[in-house]
Amino acid sequence: MSKPVEVIIAGAGSRGAGYSEFALNFPERMKVVGVADPREYYREKLASACGVPKENVFNDWREMADRERFADAVIVSTQDAMHEEPAVQFATKKYDILLEKPMAPTEKACRNIVKAVKENGNMFGVCHVLRYTQPTRAIKRFIKEGKIGDVVSVTRVEPVGYWHQAHSFVRGNWRNEAESSFMLLAKSCHDLDWIRHIMDKPCKKVSSFGSLKHFRKEEQPAGAADRCLECGIESSCAYSAKKIYMGFLSKGYKGWPLDVIAEDVSEESVMKALKDGPYGRCVYACDNDVVDNQVVNMEFEGGRTASFQMMAFTKAADRRTQIFGTHGEIITNGPIVTINDFMTDQTTEIDTNTSEMSVMGGHGGGDYGIMDSFISAVSEQNASHILSGPDETLESHLMVFAAERARLNDSVEKIVL
């Protein structure tokens, strides 16, 4: 490689900052040369870490897009509802684009993004990082080798975690559909995309059921206050903001989710955030409206089927998956992949942990995997490195939109590409 790929970051929040770490770990492959974010603390923190020149630090991504193209690629990691406009504008400026998932909160916006990148010939990937994990790569290889025969069905569970649901989807940025997107798109488009990736066949139709069961005013216990620090029964609440956030801090942990609620993480700053900010609200007194449980049933070409369950009420854990084949089955839970062979009645267990898991190890190494693949694609101008390009991503997003229509309309929805 003659020189590192030069990248600009539109959105310096958790995901944008996380992806920029690739440049810090592999400076010979990637260099961050620009950043835009309306929040001074986060843009300056990223700019300082990556050595971004002052003239390339912007309050708004539009200022960055208005400049003559000054990098090879852009990472668009703005809020969900703010993906379409920057993706389309950077596409017209001929930047190669890595777009945080979900692609956009509406089907029309997704189609507009795909149209723009195809017309402009950009390298384009969406951060469906679950495609890029070592367990996924192993599973795809085992299926291709015929180790379980033909895939008949897949069942997958995403245990969101009770405190993660409270943090992100009750108190946090993804709590309200009008401000972000519906739950299945915001949290679980990863999973429907992953199922489509494993099936390797088009999805024909879907049904879905789900609700906001618990995090509602009607469920608020008697005597509870609308803010945790003012609540007389806070110490007996599983979702107490004080219990959750001070619990992390007491263990010496200062990363996510603490760095989301407070800029300079300390006991004082966290308590101030809980006193005055949105993360100190009672989970039964927020403006959240996204579901806390949902199931999706899918039928794929050739009569194959799949089921998916998103569940808030769990201890946060790895996704659990079972793949049923005509000659065997594959079971996964985190990095461990288990194969049961029906012919020999033998069970083989593979640990897919690798050294890559310690470098950008988020999402089971998927964060490293997507960046490794995207930077390779841009450097070589070879889209085959990208597993989550425009057509694949549009198809799996259409599955998600159809599933949500099915939930709302009590219907079975066909997938129309």
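Structure report, in brief. (Residues numbered from 1 in each chain as written. Predicted model: local features only at pLDDT ≥ 70, side-chain atom pairs only at ≥ 80, totals over all residues. Heavy atoms only, no water.)

**A look at the sheet that holds strand 10 (residues 305-311)**
Taking strand neighbours across the sheet as the criterion, the 9 strands line up as 14-13-12-11-7-10-9-8-15 in an open arrangement whose pairing is mixed. The strands lining the two open edges of the sheet, one partner per strand, are strand 14 (346-351) and strand 15 (413-414). With 6 bridges connecting them, strand 13 (residues 336-341) and strand 14 associate as antiparallel partners. Within strand 14, the position partnered with Ile339 by the bridge is Thr348. Sheet contacts for helix 13 (residues 390-409): strand 8 (203-211), strand 9 (293-300) and strand 15; angle to strand 8, the most-contacted strand, approximately 50°. (Pairing = 2+ DSSP bridges. Helix = DSSP H or I, 4+ residues; strand = E, 2+ residues; numbered from the N terminus. Contact = heavy atoms within 4.5 Å. Axes fitted to C-alpha atoms, helices over the stretch in contact; angles between N-to-C directions.)

**Remarks on the packing of aromatic side chains**
Counted under the stated rule, the structure contains 15 aromatic pairs. Their ring planes at 40° and their centres at 6.2 Å tell us that Phe22 and Tyr368 sit as a pair that is tilted. Here Phe22 is found in helix 1 (residues 14-25), whereas its partner Tyr368 is found in helix 12 (residues 366-380), with 346 residues between them in sequence. For the pair formed by Phe22 and Tyr368, the shared burial category is buried. With centroids separated by 5.0 Å and ring planes inclined at 80°, the aromatic side chains of Phe215 and Tyr239 adopt a geometry described as edge-to-face. With a gap of 24 residues between them, Phe215 in the loop between strand 8 and helix 9 (241-250) and Tyr239 in the loop between strand 8 and helix 9 connect regions that are remote in the sequence. The exposure classification of Phe215 matches that of Tyr239, with both residues buried. (Phe/Tyr/Trp six-rings, centres within 6.5 Å; stacked < 30°, edge-to-face > 60°. Buried < 20%, exposed > 50% of the residue type's maximum accessible area, 1.4 Å probe, protein only.)

**Considering the environment of His214**
Take His214: it is sitting in the loop between strand 8 and helix 9. Of the residues examined, His214 reaches a relative accessible area of 17% and is grouped as buried. Counting along the chain gives 27 residues from His214 to Lys187, while the straight-line C-alpha distance between them is 18 Å. Not counting chain neighbours up to four residues away, the residues in contact with His214 comprise Glu219, Tyr239, Tyr284, Asp292 and Phe313.

**Quick word on the pattern of salt bridges**
In this structure the tally under the stated criterion is 31 salt bridges. Taken together, the shared-partner salt bridges connect Arg156, Glu158, Lys187, Asp191 and Arg319 into one network. (Salt bridge = Lys/Arg side-chain N within 4 Å of Asp/Glu carboxyl O.)

**Side note on the packing of helix 4 (residues 84-92) against helix 5 (residues 107-120)**
At their nearest, the axes of helix 4 and helix 5 sit 9 Å apart, and the two run at 10° to each other. Taken together, the axis directions place helix 4 and helix 5 in an arrangement best described as roughly parallel. Only Ala109, Asn112, Ile113, Ala116, Val117 and Asn120 of helix 5 make contact with helix 4, whose side of the interface consists of Glu84, Ala87, Val88, Ala91 and Thr92. Within the contact of helix 4 with helix 5, the residues separate by chemical class into 7 nonpolar, 3 polar and 1 charged. (Parallel < 35°, antiparallel > 145°, perpendicular 65-115°, else oblique. Nonpolar A, V, L, I, M, F, W, Y, C, P; charged D, E, K, R; others polar.)

**Remarks on the pairing of strand 11 (residues 320-325)**
Within a regular strand, the side chains alternate between the two sheet faces. Side chains of strand 11 alternate between two faces, with Thr321, Ile323 and Gly325 buried and Arg320, Gln322 and Phe324 left unburied. Sheet topology note: the strand 7 (residues 151-159)/strand 11 ladder contains 6 bridges and is antiparallel. Residue pairing in the sheet places Val151 in a bridge with Gly325 of strand 11. Linkage of strand 11 to strand 12 (residues 328-333), two consecutive antiparallel strands, is achieved through a turn of 2 residues.

**A closer look at the side chain of Ser396**
Inspection of the secondary structure assignment puts Ser396 in helix 13. For Ser396, the residues in contact, after removing those within four places along its chain, are His128 and Asp193.

**Concerning the side chain of Arg319**
Position of Arg319 relative to the elements: it lies in the loop between strand 10 and strand 11. Judged by relative accessible area, which is 17%, Arg319 ranks as buried. Among the polar contacts made by the side chain of Arg319, one reaches the side chain of Glu158 at a distance of 2.7 Å. In terms of polar contacts, Arg319 uses its side chain to reach the side chain of Asp191, at 2.6 Å. Here Arg319 is in contact with Leu130, Arg156, Val157, Glu158, Pro159, Lys187, His190, Asp191, Thr332, Asn333 and Gly334, once residues within four sequence places are set aside. (Polar contact = N/O pair within 3.5 Å; in protein donor to acceptor, adjacent residues only side chain to side chain.)

**Observations regarding the environment of His164**
Structurally, His164 is set in helix 7 (residues 162-170). Sequence-wise, His164 and His214 are 50 residues apart; in three dimensions their C-alpha atoms are separated by 14 Å. Sequence-distant contacts of His164, defined by excluding residues within four places in its chain, comprise Phe169, Lys187 and Trp256.

**Remarks on the state of the cysteines**
Two cysteines, two sulfur atoms, one covalent bond between them: this is a disulfide. What the rule picks out here adds up to 0 disulfides. Between Cys228, a cysteine without a disulfide, and Cys282, which holds the nearest cysteine sulfur, the sulfur-to-sulfur distance is 6.1 Å. On the basis of relative accessibility, which here comes to 10%, the residue Cys228 falls in the buried class. You can call Cys282 buried: its relative accessible area is 8%. (Disulfide = S-S within 2.5 Å.)

**Digging into the sheet that holds strand 6 (residues 124-126)**
Taking strand neighbours across the sheet as the criterion, the 6 strands line up as 3-2-1-4-5-6 in an open arrangement whose pairing is parallel. Looking at strand neighbours, the two that pair on one side only are strand 3 (57-58) and strand 6, the edges of this open sheet. Set on the sheet, helix 2 (residues 40-50) makes contact with strand 1 (5-10), strand 2 (30-36) and strand 3; between it and strand 2 the angle comes to about 155°.

**As for the nonpolar core**
Among the nonpolar cores identified, the biggest contains 71 residues, and Phe90 and Met298 are the most heavily contacted of them. Of all the elements, helix 8 (residues 183-199) adds the most residues to this core, at 10 residues. Leaving out residues up to four positions away in the same chain, Met298 has contacts with Leu192, Ile195, Cys203, Lys205, Val206, Arg304, Thr305, Ala306, Ser307, Phe308 and Met399. Within the second largest apolar cluster, 32 residues are counted, among which are Phe26, Cys127, Met371 and Phe374. (Core = buried A, V, L, I, M, F, W, Y, C linked by side-chain atoms within 4.5 Å.)

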